Amino acid sequence: MREINVTGAETGSGSGSDELVFFVNGKKIVERNADPEMTLLTYLRRKLGLTGTKLGCAEGGCGACTVMVSRYQTHTQQLLHYAVNACLAPLCSLHLVAVTTVEGIGSVARKLHPVQERIARAHGSQCGFCTPGIVMSMYALLRNNPTPKMADVEEAFQGNLCRCTGYRPILEGYKTFTVEGGCCGGRGRENGCCMANGNGAEKSSEEDTDEATTLFTATNFAPFDPTQEVIFPPELMSLTKGQRSGSLCFRGNRAVWLQPDSLEEFLRLKWEHPDARVVVGNTEVGIEVKFKNMVYPVILAPAFIPELNTVTYTEDGVVFGAGCTLSHMGAVLKEMVKTLPPHQTEVFLAVLEQLRWFAGLQIRNVAAVGGNIMTASPISDLNPVFMAAGCKLTLMDKDGSRVVQMDDSFFTGYRKTTLRPQEVLLSVEIPYSKKNQFVSAFKQSPRREDDISIVTAAMSVTITPGTDVVEDLILSYGGMAATTVLAKKTASRLLGRRWGEELPGRRPCSSLAEEMTLDPSAPGGMVTYRQTLTLSLFYKFYLMVLQKLRAQGVNVAEVGANCLSAAEIYHPETPSSVQIYQAVPEGRSQDDAVGRPMMHLSALKQATGEAVYCDDVPLYENELYLALVTSSKAHANILSIDSSAAERMPGVVCCVFADDIPGSNATGPIVYDETVIARHQVRLSDQSADSDGLMSRLVTFLFSVQVTCVGHIIGAVVADTQLHAQRAAKAVRIQYEELPAVVTIQEAIAAQSFYQPIRTIQKGDLEAGFKQADHILEGEMHIGGQEHFYLETNVTLAVPRGEDGEMEVFASTQSASKTQSLVAKALGVPANRVVVRVKRMGGGFGGKESRTTVLSTVVAVAANKLKRPVRCMLDRDEDMLITGGRHPFYGKYKVGYLNSGKVVALDVSYYSNTGNSMDLSLSVLERALFHMENSYSVANVRGQGYLCRTNLPSNTAFRGFGGPQGMMVTESWMNDVAQSLGKPSEEVRRLNLYVEGELTPYNQILDQFTLDRCWDECLSRSVYQERRAAVDLYNRQNRWTKRGLAIVPTKFGISFTAVFLNQAGALAHIYTDGSVLLTHGGTEMGQGLHTKMVQVASRVLGIPCSKIHISETSTNTVPNTSPTAASASSDLNGAAVQNACETLMKRLELYKTNNPKGTWEDWVKAAYFDRVNLSANGFYKTPDLGYDFDSNSGRAFNYFSYGVASSEVEIDCLTGAHKNLSTTIVMDVGHSLNPAIDIGQVEGAFMQGLGLFTLEELHYSPQGVLLTRGPGSYKIPAFGDIPTQLTVSLLRDAPNDKAIFASKAVGEPPLFLAASVFYAIKDAISAARAESGISGPFRLDSPASAERIRNACSDRFTKLCPPAEPGTFKPWSVQV
Ligand SMILES: Cc1cc2nc3c(=O)[nH]c(=O)nc-3n(C[C@H](O)[C@H](O)[C@H](O)COP(=O)(O)OP(=O)(O)OC[C@H]3O[C@@H](n4cnc5c(N)ncnc54)[C@H](O)[C@@H]3O)c2cc1C
Ligand code: FES
Ligand code: FES
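Everything numeric here is computed off the predicted structure, so don't read it as measured data.

> I tried to follow the pairing of strand β36 (residues 834-838) on my own but got confused; where do I start?
The side chains of a regular strand alternate between both faces of the sheet. Across the two faces of β36 the burial differs, with Val834, Val836 and Val838 buried and Val835 and Arg837 not buried at all. Crossover strand β35 (residues 807-811) to β36 through helix α25 (residues 816-827) is right-handed.

Here it is as structure tokens:
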């Protein structure tokens, strides 16, 4: 065996062509230096400058990088088009394919593709960062199927995430391409027809003429003509047809890519290089290389080998070449199911069921069946089915082949198989099922779509014909051990027994519970839940088989009607929706855009990939890239840092440590209690020459230096490329002396580890209140944190200007001015030397309010040190690790209430997990306290708030800013009160609702109170009482699925609670051609602020929006800006814009009067020639604000936004999965400036809240290490999580006299309304518990994850899996 020499001298084999030929957007590319480790995404963005394709996660989990790949398949003579994740596609895998990116299908200047136009005009693009990926998923679908069904569209989007829109408008826009959307041309409103939103007059034909229901006009869309699509490059077609592919060989610095073109050569290469990695879809290997630091010096790609890519039909079943993609396998099996007799297709249907929920389409389009088997993951979704079905694998080496049965001896350990190093997997045979064989597969994951399993299972039973006697039984589970396992003991105990009689009894379940055990510390956690699932899934299988036996006429007991729903396989329903808002009054000028559903001004650019985000700024010629070095310990002294190895690595320019900071190392948004880079005093020592004669530096510290969280920045490495910088950063060696860490709130309470002050709001007489009460109850609740998961991670580009210490900083930040001041502080220059520029953000949600400076300051320090531009865009895992998120909260309460349900006394304490610095946490906690009574009047109340100092990365602002946590605890006690009295919760909530003129606990009067109107409209629109009756009936009729219903109000205070922040500035220039350049203090993060500001300016100036442009937010145009936050940006900046524009109008008045028939341009020109200043700034500060905690007086808020939502859900009591059946939201946004944008905010916030309260879980190890660091492990809501029926109504006739043009803030307030889903789930769980005879209040922490739901539905299965005694083991993760 010859050695592989990856530096290029000699490979010993694989002497194929080194020319990679492919096409991008119709242009031929011949690449002679293809690096085996480079992805298509990096190549597109960095080499070709095609920045429309975005990087959101680099792990195939978000779809932002979706492109279409087209390939001519010679053996079938078919042209294949499929969506792929460019972030995982190796560049080298693209030989002879055509890649189409978002830029390749249309542009604003050239011609928009209908796929681009429709998502934009349907308001399906907010921040736009996800939009190109979604556009390309839809485009690929249409290339294959020009008349798709909605189900096809939903399937196409399984691999795409959006954090802003809530998905509804995307589906609505794309429904116009579908059979359903194009069918009726009607005006149906609730029937799921696209025309409900897409067509018709702007005013509805309803009797209520105030109501409008149309957000876009589909009839104006350019028609879609599939014949006009870009053709497959003819040259590529002839290249593919004309020749055999030929072997390929590409060499990089660390790896060589060998792509043989025959099986013989493939086997020979594998023989010569037994350590070579076979790569097909790269969906596993790509993750290993990127995130697990694996290096594979030899890569073997079998893409050209027919034997690995063909499908053969045999007498026993169907044989798939190991390289067949999962999509291909699915298509073949679907066809077979259509034609074969049903008894033969049980296995195929089980495989298809697993494929339905396997990753997203982009992954299935490239991932191979062999890749799934050979990865040998214990949570593989296919391996349990293959094992239960007894699939056969053909393994081969150069000397021959062998066939092995896929049973539990095939997997020999964690990610290990019996395959010999020189062998490859050639094929897998999936057998037909036999008569009387029944097979089912199950997958339970946190999120239904595109998620990895918690437990996955497949079960096969063969029954003696005509009886129900078990002849053979295989129970196969994933997620219960280091490999896929069989429950052999239980299966063998059941052989010869009768299915109908034996199984419902306790014995099989007890046997399974004994056999499927897990160590309480098992990786992945959820131990009790996983064990219970093994029983629950088996029970489902039992019911399914029983039904099938009965259908075959076998004499078995009928499945009780109340158990039928437990045996149903989940099939998603296409969501339908209605949006209602106030119609623009008759006769208003068309030029006045205020109140109209105008499209986001950047939406079209976002849909074509032309919108420029921070990392899309073209590379500067001498630009460098920075990677952070961060602490791996939660609390430790740093004993030494050795950067010598890193500094010697290819491309590295230098390392940056604290002593490179010319100014102050102390930083923080309010209190300077953080370091830019962990502070240290340095002694240079141990200067030594390495073997190359280069001096290396070993930095030793005189004094130990503390890091206070995992992710604490210790330094940075600057190199020529991102890859080089990141690799070198990993080579920096740090020695720690670990110190005790405080990780959880409970630990902080025990250690009394609090920041000061402890806040209190108190009103009334608590003691008297509790005395007056008929009942008193106590309770508690924990609300988990939340990751912002903006699709664009943190990014900064710092460019030294070369003079006077000037630095230009391009940053994705909500706080341009804070970035400016903290960069200036770190650089030791006055603020006037630093310009911060923000064009747009790919989402912010509060996560870019203060924590962005953590990165920006380090990048600026590096740029200053090197006097060269330096850029850094954090990888998703770094971003999640370093930048903190929503504060976890723990609430403890004592409530006193009357028999009627009226609450008369409340004593509540809030504890927030603040992390290792103060950041904005005091204000967050204060807002939680300001919302402790949500919308309810409580006469005697005390709320206390504690900031827990822990060793987690500092938590920070997040949409709602503590309000949702505050109100979540409120709803918990409100629910408890209702449950303890046995009264309907809506009745108790209504009884306690505020009325106009009442005072809040902080003595603010509630005027212009609209909550009661929202409540009544929500009740009637959701037909709440009828629904309640239907839910109760359903619950009586079903044992294992339960429905729940809840209605929840919200009252959200609008203003920054720090008074000084309630100010804003604007600057408006009129140029002599009449065009207006507008700037204001707010930043655009997708929320449509710039669009609204243009609408405001347009109304004041009396000119169309098209004459007004906003280019960016910058600190040299509007100074001292407040962060774009607190939902108040439209109010504040809108008033400042109004002020600036009114000044200009005053200056133009004379010229209008003199020339009343003139045009805008005439007046502007006249004024200019008259030497009038056509530039004006504007300013606004919110009047009469200023709350004082000591005296409990002064106005905390300018006004309140109100809303109410009712939701219905269905839970599967056996698995904990739930369906969001219906949600109705009524939201008071005053007179909406832009109903499309406001409804977008309502829906986006609601879906984010849905994630917070039902899905998103951050897992931390007991040592404070964040374990969930990407979309693979941290699940935000996906397309499939939208309520099946969604109604959003903006309250009509509710002007607000305290904000611009009678509007109201909307960004944050609706988020909490998702609590209606949480409490509907709790309602459903109560119904399940009642079946086991349990009633009364119970604790349910947030999020209501599948695990929590299942565990709370206490029943005979959960009883068989009792949790281990706390304290007797070390859990995998802890509740922080
Ligand atoms: C976003 C995302 C979602 C996912 N979701 C799921 C999911 O829902 N369920 C699930 O089960 N998995 C999931 N996976 C895991 C992964 O996609 C699958 O395991 C996939 O089938 C791997 O196929 P591949 O062709 O991409 O493998 P590759 O990465 O190309 O290879 C994987 C491994 O298989 C070996 N291998 C491949 N072919 C052969 C062969 N012929 N002979 C010998 N060895 C071979 C390779 O050497 C390598 O070790 C997901 C992965 C990602 C990135
Ligand atoms: S960046 Fe590729 S899927 Fe997220
Ligand atoms: S618009 Fe989808 S992530 Fe922002």
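> Explanation requested: helix α33 (residues 1089-1101) in the structure shown.
Counting along an α-helix, one turn takes 3.6 residues, and residues three or four places apart therefore face a common direction. Its 13 residues give α33 an end-to-end C-alpha distance of 18 Å, which sits within 8% of 18 Å, the value for a rise of 1.5 Å per residue. Of all 13 residues in α33, twelve are buried, a share of seventy percent or more. Positioned one or two residues after α33, Gly1102 has a phi angle of 70°, which is positive.

> Which parts of the structure should I look at to understand the site of ligand 1?
Around ligand 1, the structure places 28 residues, and the nearest of them are Val278, Val280, Thr283, Ala368 and Asp381. Here an oxygen atom of ligand 1 and a backbone polar atom of Val280 are 2.8 Å apart. Gly281 is positioned such that a nitrogen or oxygen atom in its backbone is 2.8 Å from an oxygen atom of ligand 1. Going through the elements one at a time, β9 (277-278), α14 (369-375) and β17 (424-431) are the ones with two or more residues in the shell around ligand 1.

> Would you explain the side chain of Asn916 in this entry?
Secondary-structure assignment places Asn916 in the loop between β39 (903-915) and α28 (921-930). Among the residues examined, Asn916 registers a relative accessible area of 17% and is labelled buried.

> Honestly, empty space enclosed by the protein in this entry has me stumped. Any pointers?
The rolling of a water-molecule-sized probe over the atoms marks out the regions of remaining empty space. Counted under the stated rule, the structure contains eight cavities of 30 Å³ or more. Taken as a whole, the largest cavity holds about 90 Å³ of empty space. Every residue lining the largest cavity is counted, 13 residues in all, and those nearest its centre are His123, Ser125, Gln126, Ala1236 and Ile1237. In this model, the second largest cavity occupies a volume close to 70 Å³. Lining the second largest cavity are 13 residues, with Gln1063, Ala1064, Ser1122, Pro1123 and Asn1133 sitting closest to its centre. Mapped onto the lining of the second largest cavity, the elements with two or more residues apiece are β42 (1063-1070) and α34 (1129-1154). In terms of residue class, the lining of the second largest cavity is built from four nonpolar, nine polar and no charged.

> Sorry if this is basic, but what is going on with the confidence of the model for the chain here?
Note: predicted coordinates in regions of low pLDDT should not be interpreted at a detailed level. Taken over all residues, the pLDDT of the chain has a mean of 93, while the share at 70 or more is 94%. Confidence over residues 1-14 falls short of pLDDT 50; this stretch has 36 contacts with residues more than four positions distant or in other chains. The model gives residues 681-704 a pLDDT under 50, and that stretch makes 41 contacts with residues more than four places away or in other chains.

> Explanation requested: the packing of helix α36 (residues 1235-1254) against helix α37 (residues 1315-1331) in the structure shown.
The relative placement of two packed helices is expressed as an angle between their axes plus a distance between the axes. At their nearest, the axes of α36 and α37 sit 8 Å apart, and the two run at 40° to each other. Overall, the two elements α36 and α37 adopt an arrangement that is oblique. The residues of α37 that touch α36, namely those facing Phe1246, Leu1250, Phe1253 and Thr1254, are Ala1315, Ser1316, Val1317, Phe1318 and Ile1321. When its residues are assigned to classes, the contact of α36 with α37 shows seven nonpolar, two polar and no charged.

> Which parts of the structure should I look at to understand the pattern of salt bridges?
Opposite charge on two side chains permits pairing when their charged atoms draw close. Tallied over the full model, the rule gives 66 salt bridges. Between Arg121 and Glu117 there is a salt bridge, and its shortest N-O distance comes to 2.9 Å. With Arg121 and Glu117 both in helix α2 (residues 114-121) and four residues apart, this pair spans about one turn of that helix. Taking relative accessible area as the criterion, Glu117 reaches 7% and is therefore assigned buried. Notably, a salt bridge pairs Glu211 with Arg1292, separated by 3.5 Å at the nearest N-O pair. Highlighted residues: Glu211 in strand β6 (residues 211-212) and Arg1292 in the loop between β49 (1285-1290) and α37, separated in sequence by 1081 residues. Taken as a pair, Glu211 and Arg1292 share a single burial class, namely buried.

> I'm lost on the sheet that holds strand β33 (residues 775-783) in this one. Help?
Hydrogen bonds between backbone groups are what pair the strands of a sheet, and the pairing can be parallel or antiparallel. The strand order across the open sheet built from five strands is β32-β40-β39-β38-β33, with neighbouring strands paired in mixed fashion. The open sheet has two edge strands with one neighbour each: β32 (754-763) and β33. Each strand axis lies, on average, 10° off the axis of its neighbour in the sheet, ignoring direction. Strand direction decides the pairing type here: β39 and strand β40 (residues 940-949), joined by ten bridges, are parallel. If you follow Tyr910 over to β40, its bridge partner there is Gly945.

> I keep staring at the nonpolar core and nothing clicks. Help me out?
The nonpolar side chains of a soluble globular protein tend to be buried, and buried together. The biggest cluster of nonpolar side chains holds 333 residues, and the ones touching the most others in it are Tyr174, Tyr477, Trp499, Leu626 and Trp1160. Counting residues per element, this core draws most heavily on helix α19 (residues 527-551), at 14 residues. Apart from residues no more than four positions distant in its own chain, Tyr174 is found in contact with Val115, Arg118, Ile119, Ile134, Val135, Met138, Val153 and Phe157. Grouped together as the second largest cluster of nonpolar side chains are 95 residues, Leu20, Leu55, Phe410 and Phe411 included.

> What should I look at first to understand the sheet that holds strand β14 (residues 400-405) in this one?
Pairing is antiparallel across the open sheet formed by five strands, whose spatial order is β11-β12-β17-β13-β14. Strands at the two margins of the open sheet, each flanked by one partner only, are β11 (311-313) and β14. Going across the sheet, the axis of each strand differs from the next one's by a mean of 20°, ignoring polarity. The pairing of β11 with strand β12 (residues 317-321) spans three bridges and is classified as antiparallel. Bridging across to β12, Tyr313 finds its partner in Val318. On the sheet, helix α11 (residues 326-339) packs against β11, β12 and β17 and is oriented at approximately 165° with respect to β12.

> Mind showing me how you'd approach the pairing of strand β38 (residues 889-897) here?
Burial analysis of β38 places seven of its nine residues in the buried class, which makes it a mostly covered element. Two elements, β33 and β38, share nine bridges in a ladder whose sense is antiparallel. Note on β38: the bridge partner recorded for His775 is Tyr897. Sheet topology note: the β38/β39 ladder contains nine bridges and is antiparallel. Across the sheet, residue Lys894 finds its bridge partner in β39, namely Asp907.

> Is there a simple way to think about the packing of α34 against helix α35 (residues 1160-1169) in this case?
For the pair α34 and α35, the least separation of the axes is 9 Å and the interaxial angle reads 100°. Accordingly, the angle class assigned to the pair α34 and α35 is roughly perpendicular. Residue-level inspection shows Met1145, Leu1148, Tyr1151 and Lys1152 of α34 in contact with α35, the latter providing Trp1160, Trp1163, Val1164, Ala1166 and Ala1167.

> Which parts of the structure should I look at to understand the side chain of Ser247?
Tracing the sequence through the fold places Ser247 in the loop between α7 (234-242) and β7 (248-251). For Ser247, a relative accessible area of 16% puts it in the buried group. A distance of 2.8 Å separates a polar atom in the side chain of Ser247 from a polar atom in the side chain of Glu265. Dropping the residues within four chain positions of it, Ser247 is found in contact with Gly16, Ser17, Gln259, Pro260, Asp261 and Glu265.

Rules and cut-offs
- Residues numbered from 1 in each chain as written.
- Chains lettered and ligands numbered in written order.
- Predicted model: local features only at pLDDT ≥ 70, side-chain atom pairs only at ≥ 80, totals over all residues.
- Heavy atoms only, no water.
- Buried < 20%, exposed > 50% of the residue type's maximum accessible area, 1.4 Å probe, protein only.
- Helix = DSSP H or I, 4+ residues; strand = E, 2+ residues; numbered from the N terminus.
- Right-handed = clockwise from strand over helix to strand, strands pointing away.
- Expected span 1.5 Å × (residues − 1).
- Near = heavy atom within 4 Å.
- Polar contact = N/O pair within 3.5 Å; in protein donor to acceptor, adjacent residues only side chain to side chain.
- 1 Å grid on protein atoms, 1.4 Å probe; cavity = no way out; pocket = protein on both sides within 12 Å on 5 of 7 lines; lining within 4 Å.
- Points joined across faces, edges and corners; volume = space filled by probe spheres on them.
- Nonpolar A, V, L, I, M, F, W, Y, C, P; charged D, E, K, R; others polar.
- pLDDT = per-residue confidence, 0-100.
- Contact = heavy atoms within 4.5 Å.
- Axes fitted to C-alpha atoms, helices over the stretch in contact; angles between N-to-C directions.
- Parallel < 35°, antiparallel > 145°, perpendicular 65-115°, else oblique.
- Salt bridge = Lys/Arg side-chain N within 4 Å of Asp/Glu carboxyl O.
- Pairing = 2+ DSSP bridges.
- Core = buried A, V, L, I, M, F, W, Y, C linked by side-chain atoms within 4.5 Å.

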